[in-house]
Amino acid sequence: MVEVLNARKQQVWEKGKDQYTLVCEKPSTAGSVSQRACVFCGSRVVLYPIADALHLIHGPIGCAAYTWELRGSLSSGPELHRLSFSTDLREQEVIYGGEKKLYTALSELIPVYKPKAAFVYGTCIIGLIGDDVAAVCRRVQKEQGIPVLPVHSEGFKGTKKDGYKAACEAAFTLMGKDQLSPVSPFSINILGEFNLAGETWIIKDYYHRMGIEVTACLTGDGRVAELGKAHRARLNVVQCAGSMTYLAKMMQETYGIPFIRVSYFGIEDMTKALYDVAEFFQDQRITHQTQELVREEVSRLLPRLGEYRKALEGKKAAVYVGGSFKAFSMVKALRHIGMETVVVGSQTGSPEDYEYLKEITHEGTIILDDTNPLELSGFILEKGADILIGGVKERPIAYKMGIGFCDHNHERKEALAGYAGMGNFAQEVYTSVSSPVWKYSPARQAAAAKAAQAAVPERAVTDRVEPGVPA
Ligand code: SF4
């Protein structure tokens, strides 16, 4: 029986058993040790891939260290985003204010690094001491002649989702500047795609082959100038709904650009993402080129997946990710390789997201909102998952439990989006699930010893430790 804190009881739901509506979108329960990141981290992950901007973290050094290189976002040009600048506030500034230090930092950094814009992230302590970050930004913007944007992301002031909003507001202020450069009538912006391990390039290639121009990608391999003309694209395609739906709505209200939600993970969702865009433009040539592309990519991928499916059939997975859109795709992608999702959850899912998860999962699946390590590991054990798919904070949980792990979060260095990414995902899941290393983990050895003591046939334990290997 997994222990769940009273205050969190309705954030845990089992399909086929629980009747209540899953509660979500609320601040984390005190003492629960949430897997969620703070508001500042939410902003940082969204804006981080803008590669020609200066990212200055106004606060103590820890906030900058904690988010340094936090995304595996690649750039085809400048790499200024990979540096983590901080005002490194100390006791003196906490008492007397940090505006002077912020002004000095910006005035020194901008002439040296020559960024196209600067983002200044406010952290917890800034909210407490009350620095007027916006005023300093306005002053430096005037003096240095580039956009200098405050990102109001004090860590304590909400959930990670509030950080996404603060980032969207900052990105939005860079739009509408470029009215002149040519934009195709078949143009889209990709919102919520962060070029982890080059995924933006994979997706852009698909659109290019369909005859679609990508005016701006927010924010993968992002450039300040691209944002300046994003308001002139015909359609916004939102991949990470949790982080970018807010921006898509702002752009719809201000510039009249409609948006659709897509996912680039797994065969079904990737294909749907391409067809939905083709359908929007209602152009025969685009439709035909999309069909050709899908046929070519899927026929190349399916035989490879078939091999992994033979080895993974009947295995079980637990999925815990930041946004629910990814969880949907994971459930479907795992089904393609013969695996059942027995535990699934997210940090920032909405009521609609969880309703959809309930629809697509099997009876007995545990759905978790804003979980903690104790609950997560308890349900993984209870449901007998062979692998955990999550991010950097979930990795140690899987390793301590002696089960496979697949990194599907923003630190990863392997492309998992698109058809090629689906092949990589299947390979990674197979490699991890079937690794012989897990039988040496203390957790597995303790479980084996306990099973032996209880006179459970040893064969059953061995079977779980060493999953099948393809012929
Ligand atoms: S919670 Fe506050 S102090 Fe901690 S990293 Fe976030 S902004 Fe910094």
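**Student:** When you look at the overall build of the protein chain in this model, what are you seeing that I'm missing?
**Tutor:** Within the protein chain, the secondary structure is distributed over 19 helices and 14 strands. Relative to the globule expectation of 23 Å for 471 residues, the C-alpha radius of gyration of the protein chain, 23 Å, shows essentially globular dimensions. A total of 471 residues make up the protein chain; the buried ones form 52% of that total. Long-range contacts, defined here as pairs at least 24 residues apart, represent 74% of the contacts in the protein chain between residues at least 6 apart.

**Student:** Hey, could you run me through the site of the ligand in this one?
**Tutor:** Around the ligand sit Cys 38, Phe 40, Cys 41, Gly 59, Cys 63, Tyr 66, Thr 123, Cys 124 and Gly 155, and that is every residue in its neighbourhood. Along the lines of polarity and charge, the residues of the shell around the ligand split into six nonpolar, three polar and no charged.

**Student:** Just checking my understanding: could you explain the domain arrangement of the protein chain for this structure?
**Tutor:** It is common to give the size of an interface as the accessible area lost on bringing the parts into contact. Domain boundaries in the protein chain define domain 1 (39-172), domain 2 (187-295) and domain 3 (306-465). For domain 1 versus domain 2, the distance between C-alpha centres works out to 27 Å. Each side of the interface is counted separately: domain 1 has 21 residues, and domain 2 has 20 residues. Going through the elements one at a time, α1 (39-47) and α7 (160-172) are the ones with two or more residues in the side of domain 1 that touches domain 2. Looking at the side of domain 1 that touches domain 2 element by element, the count peaks at six residues for α7. Within the side of domain 1 that touches domain 2, the residues separate by chemical class into twelve nonpolar, four polar and five charged.

**Student:** When you look at the sheet that holds strand β14 (residues 404-407) in this model, what are you seeing that I'm missing?
**Tutor:** Within a sheet, adjacent strands bond to each other through the backbone by hydrogen bonds, running parallel or antiparallel. Read across the open sheet, the six strands follow the order β1-β12-β11-β10-β13-β14; overall the sheet is mixed. Here the strands that pair on one side only, and so sit at the sheet edges, are β1 (12-14) and β14. Pairwise comparison of adjacent strand axes, ignoring direction, gives a mean angle of 15° for this sheet. Sheet analysis places strand β10 (residues 316-321) next to strand β13 (residues 387-390), joined by three bridges and oriented parallel.

**Student:** Explanation requested: the nonpolar core in the structure shown.
**Tutor:** General note: in soluble globular proteins, nonpolar side chains tend to be found buried as a group. Grouped together as the largest cluster of nonpolar side chains are 136 residues, with contacts concentrated most on Ala 118, Phe 119, Val 120, Met 244, Ile 387 and Leu 388. Setting aside residues up to four positions removed in sequence, Phe 119 forms contacts with Leu 47, Ala 53, His 55, Leu 56, Leu 149, Val 151 and Ala 170.

**Student:** Sorry if this is basic, but what is going on with the environment of Lys 165 here?
**Tutor:** Relative to the helices and strands, Lys 165 resides in helix α7. Along the primary structure Lys 165 and His 152 are separated by 13 residues, whereas in three dimensions their C-alpha atoms are 9.3 Å apart.

**Student:** Looking at this structure, how should I read the pairing of strand β5 (residues 148-151)?
**Tutor:** Each regular strand displays side chains that alternate between the two surfaces of the sheet. By the alternation rule, side chains of β5 split into Val 148 and Pro 150 and Leu 149 and Val 151, which are all buried. Here four bridges tie strand β4 (residues 117-122) to β5, and the two strands are oriented parallel to one another. For Val 120, the partnering residue across the bridge sits in β5 and is Pro 150.

**Student:** What am I meant to see in the sheet that holds strand β9 (residues 259-261) here?
**Tutor:** Across the sheet, which stays open at both edges, the four strands sit in the order β7-β6-β8-β9 with parallel pairing between neighbours. Whereas interior strands pair on both sides, the edge strands pair on one side only; in this sheet they are β7 (213-219) and β9. Sheet twist, expressed as the mean angle between neighbouring strand axes with direction ignored, is 20°. Sheet analysis places strand β6 (residues 187-193) next to β7, joined by six bridges and oriented parallel. In the sheet register, Ile 188 faces β7, and the bridge partner there is Val 214. Its contacts with the sheet put helix α8 (residues 199-210) on β6 and β7, and the angle it makes with β6 is roughly 155°.

**Student:** It is not clear to me how the packing of helix α13 (residues 324-336) against helix α14 (residues 351-360) should be interpreted in this structure. Could you clarify?
**Tutor:** Packed helices, taken two at a time, are described by the angle their axes make and the gap between the axes. Packing of α13 against α14 leaves a shortest axis separation of 10 Å and a crossing angle of 5°. The orientation of α13 relative to α14 falls into the category roughly parallel. Contacts between α13 and α14 involve Ser 324, Ala 327, Phe 328, Val 331 and Lys 332 from the first element and Asp 353, Tyr 356, Leu 357 and Ile 360 from the second.

**Student:** Teacher, can you tell me more about the confidence of the model for the protein chain here?
**Tutor:** When pLDDT is low, close inspection of the predicted coordinates is not appropriate. In this model, the protein chain carries a mean pLDDT of 93, and residues with pLDDT of at least 70 account for 96%. The low-confidence segment residues 460-471, where pLDDT is below 50, has 19 contacts with residues more than four positions distant or belonging to other chains.

**Student:** For this particular structure, what's the right way to read the environment of Val 342?
**Tutor:** Within the element layout of this structure, Val 342 appears in strand β11 (residues 340-346). Taking the C-beta count within 10 Å as the criterion, Val 342 has 21 such neighbours and is therefore assigned buried. Residues Val 342 and Phe 379 lie 37 residues apart in sequence; the distance between their C-alpha atoms is 8.8 Å.

**Student:** Just to check I follow, could you spell out α7 for this structure?
**Tutor:** Count 3.6 residues to each turn of an α-helix, and residues three or four apart come out pointing the same way. The terminal C-alpha atoms of α7, which comprises 13 residues, lie 19 Å apart, in line with the 18 Å expected from a rise of 1.5 Å per residue. Within α7, ten of the 13 residues are buried, which leaves the element mostly enclosed by the surrounding structure. Within α7 the residues assigned to the buried category are Lys 160, Asp 162, Gly 163, Tyr 164, Lys 165, Ala 166, Ala 167, Cys 168, Ala 170 and Ala 171. Among the structural elements, α1, β4, β5, β7, α9 (224-229) and α10 (241-255) are those in contact with the buried residues of α7.

**Student:** In this structure, what is going on with unusual backbone geometry? I would like to understand it.
**Tutor:** Glycine aside, a negative phi is what most residues show, and trans is what most peptide bonds show. Geometrically, the link from Leu 218 to Thr 219 is a cis peptide bond, its omega value of 5° lying close to zero. In this structure, Thr 219 sits in strand β7. Although it is not a glycine, Glu 69 adopts a positive phi angle of roughly 55°. Summarising the element assignment, Glu 69 is placed in the loop between α2 (61-66) and β3 (85-86).

Conventions and cut-offs
- Residues numbered from 1 in each chain as written.
- Predicted model: local features only at pLDDT ≥ 70, side-chain atom pairs only at ≥ 80, totals over all residues.
- Helix = DSSP H or I, 4+ residues; strand = E, 2+ residues; numbered from the N terminus.
- Rg over C-alpha atoms; globule rule 2.2 N^0.38 Å.
- Buried ≥ 20, exposed ≤ 12 C-beta atoms within 10 Å, placed from the backbone.
- Contact = placed C-beta atoms within 7 Å.
- Near = placed C-beta within 6 Å.
- Nonpolar A, V, L, I, M, F, W, Y, C, P; charged D, E, K, R; others polar.
- Domains from an automatic or database assignment.
- Pairing = 2+ DSSP bridges.
- Axes fitted to C-alpha atoms, helices over the stretch in contact; angles between N-to-C directions.
- Core = buried A, V, L, I, M, F, W, Y, C linked by C-beta atoms within 7 Å.
- Parallel < 35°, antiparallel > 145°, perpendicular 65-115°, else oblique.
- pLDDT = per-residue confidence, 0-100.
- Expected span 1.5 Å × (residues − 1).

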